[in-house]
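Reading the structure
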Amino acid sequence: LPPLRPTQRRRNHHSPPCHPPHYCSSNARDRTAATLSTTMRSVIALSLAASAMAFTSTARPNFRAGPIRARKTAGVAPRMGVASEEMGIPCEDECALPSYPNMPASVHPGVVTGQALKDLLQHAQDNGYAIPAVNCVTSSSINACLEAARQNDAPIIIQFSSGGAQFYAGKGLDNTDFKAAIAGAVSGAYHVRAMAEQYGVPVILHTDHCGKKLLPWMDGMLAASETYYAAHGEPLFSSHMLDLSEEPLEENIETCKVYLERMAKLDMLLEMELGITGGEEDGVNNEDVAPEDLYTKPEEVWQVYEALASVGPQAMFTVAAAFGNVHGVYSPGNVKLDPEILGNSQTYIAEKLGQPVGSAPVQFVFHGGSGSDIKDIKRAIECGVIKMNIDTDTQWSYWSGIREFEAKFRPYLQTQIGNPDGPEKPNKKYYDPRESIRAAEVSTEKRLAQCFADLNAVNILGMGEMKPPSNVAGPRRGGLPNAGAYQAGAGVAV
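Residues numbered from 1 in each chain as written. Predicted model: local features only at pLDDT ≥ 70, side-chain atom pairs only at ≥ 80, totals over all residues. Heavy atoms only, no water.

1. Topic: the state of the cysteines
Note the cut-off: When two cysteine sulfur atoms lie within 2.5 Å, the pair is treated as a disulfide. Buried means the residue's accessible area, taken with a 1.4 Å probe over protein chains only, is under 20% of the maximum for its type, while exposed means over 50%, and partly exposed covers the values in between.
Scanning the entire structure with this criterion turns up one disulfide. What pairs with C91 in a disulfide is C95, and their sulfur atoms sit 2.0 Å apart. Across the S-S bond linking C91 and C95, the dihedral sits near -110 degrees, which makes this disulfide left-handed. The exposure class assigned to C95 is buried, which follows from its relative accessible area of 2%.

The following block contains the structure:
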């Protein structure tokens, strides 16, 4: 592993001091690097060269949707454009903002970790909204999420599954010991860090379901964050999810506790799953699970809370408790959610902690929301949900954009030369993959706008409307002249 360039500026006010003050010692970096496998060291080195989540276990007040309130954090130094600076990318306008009008002062454009992450999610709970968490598999899907977040003036969670991370690396890459999935997740993380600041939105960088057999994938990503932390004072990722819901409860809790102890040292958040989310997603099939396993008991949530809170004040965690959730897409009414399980768990744990009636000590995550009744979604937020996973619907919206583009321009997409405008007319502008991919992005952004609205997460940051981009290729510079319905949102066809 080559020497890491000292960062020119501390990234987070909560990071432990380094001596000298502007960089961590080479000895600390060497000790961290020594923990990496040869493969991971190569991945990190290449990523750095190419570049040149909850929560405290203290009491939480209950909340309802209402006017946005921002709790300013005292003593927070301005922090802007750090990833852009390190990568040599221009950082201007919204990219360079130190904070947002309606958010805690620690929350900034780009990937948020540590105190900024904690403050952001507490802000969500205090103000009655949840943040959409979207599974991404390409840089295109990441960019669509970032653009949608800015369009809706809101934070977003970008996450990778193991299969999605492997795809990001390339399906032709060998995945023995999950090395492709590790490399893909790390590569995607650097892309998110580079572009989140450019779009001017706060992003929680997360990874999705990690079962017992996928723990080497988790270990590789944590090694990447340990190396990144030694150089920058913050982890590469904001948070990770462990899904050991198929294991005995005691093993699930004990393994999560071991990982949380490691993650707490990096100011990272752990999401754990309790109970089983039905259906199938990314190779995890729970379609035949017993119905009773789809519903978590308050006593089980308390077991998790008590064990993870014992890690210490630096521990940040959230619980994906099952309340009838099912992965996949189903007709409305076929998914039988019971969000009162979450409310009952809040009441039970608040009593155990001696907190006032109405307290909400746990922050929950909502998995498998496709086909859910909007009333159940709203009630789940009232009961403490601050994150909702979105995958099935955005997969369809991305494909639907391509499908509709092909249907609209089918006569121009059959041959390289020759179309209804003439036998000698070229079709390059139509089959250029940028056109259909952009159509997919715009379609995805429209679907995400509905998600933001359903989760009460619109106009959160206080930034106002997104400015239309300039200097974007139109018909005079090679853009498709009549794709307005698909490209106008980005100012391509005007």
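Let us keep going from here.
2. So, the nonpolar core
Using the following cut-off: Residues enter a nonpolar core if they are buried and are Ala, Val, Leu, Ile, Met, Phe, Trp, Tyr or Cys, with the set joined through side-chain atoms within 4.5 Å. Put simply, DSSP marks the helices as runs of H or I at least four residues long and the strands as runs of E at least two long, and each gets a number from the N terminus on. Two residues form a contact once any of their heavy atoms are found within 4.5 Å.
Among the nonpolar cores identified, the biggest contains 103 residues, and I158, F160, V192, W217 and F237 are the most heavily contacted of them. Examining the composition of this core, we find that ten residues originate from one element, helix α7 (residues 179-199), more than from any other. Discounting residues that sit within four places of it in the chain, I158 has contacts with V134, C136, I142, C145, L146, V192, V203, I204, L205 and H206. Among the nonpolar cores identified, the runner-up in size contains five residues, and F405, F409, Y430 and A439 belong to it.

3. Overview of unusual backbone geometry
Of all residues except glycine, most have a negative phi; of all peptide bonds, most are trans. A positive phi angle is found at F178, which is not glycine, with a value near 60 degrees. Backbone geometry at N459 places phi at a positive 60 degrees, although glycine is not the residue there. Assignment of secondary structure puts N459 in the loop between α15 (433-454) and α16 (484-487).

4. Focus: the pattern of salt bridges
Stated precisely, the cut-off is as follows: A pair is scored as a salt bridge if a Lys or Arg side-chain nitrogen falls within 4 Å of a carboxyl oxygen belonging to Asp or Glu.
On inspection of all chains with the given rule, the structure shows 15 salt bridges. The salt bridge involving E147 is made with R438; its shortest N-O contact spans 3.0 Å. Of this pair, E147 sits in helix α5 (residues 139-151) while R438 sits in helix α15, and the two are 291 residues apart along the sequence. Summarising the burial analysis for this pair, E147 and R438 share the class buried.

5. Focus on the packing of aromatic side chains
The relation between two aromatic rings is expressed through the spacing of the ring centres and the mutual angle of the planes. Basically, it comes down to this: Only centres within 6.5 Å qualify two rings of Phe, Tyr or Trp (six-membered ring in Trp) as a pair; their planes then separate them into stacked at under 30 degrees, edge-to-face at over 60, and tilted for everything else.
Inspection of every chain in the model, using the stated rule, returns eight aromatic pairs. When the centroid spacing of 6.0 Å and the interplanar angle of 70 degrees are considered together, the rings of F160 and Y168 count as edge-to-face. Both residues of the pair, F160 and Y168, belong to the buried class. Connected via pairs of aromatic rings, a cluster forms that spans F405, F409, Y412 and Y430.

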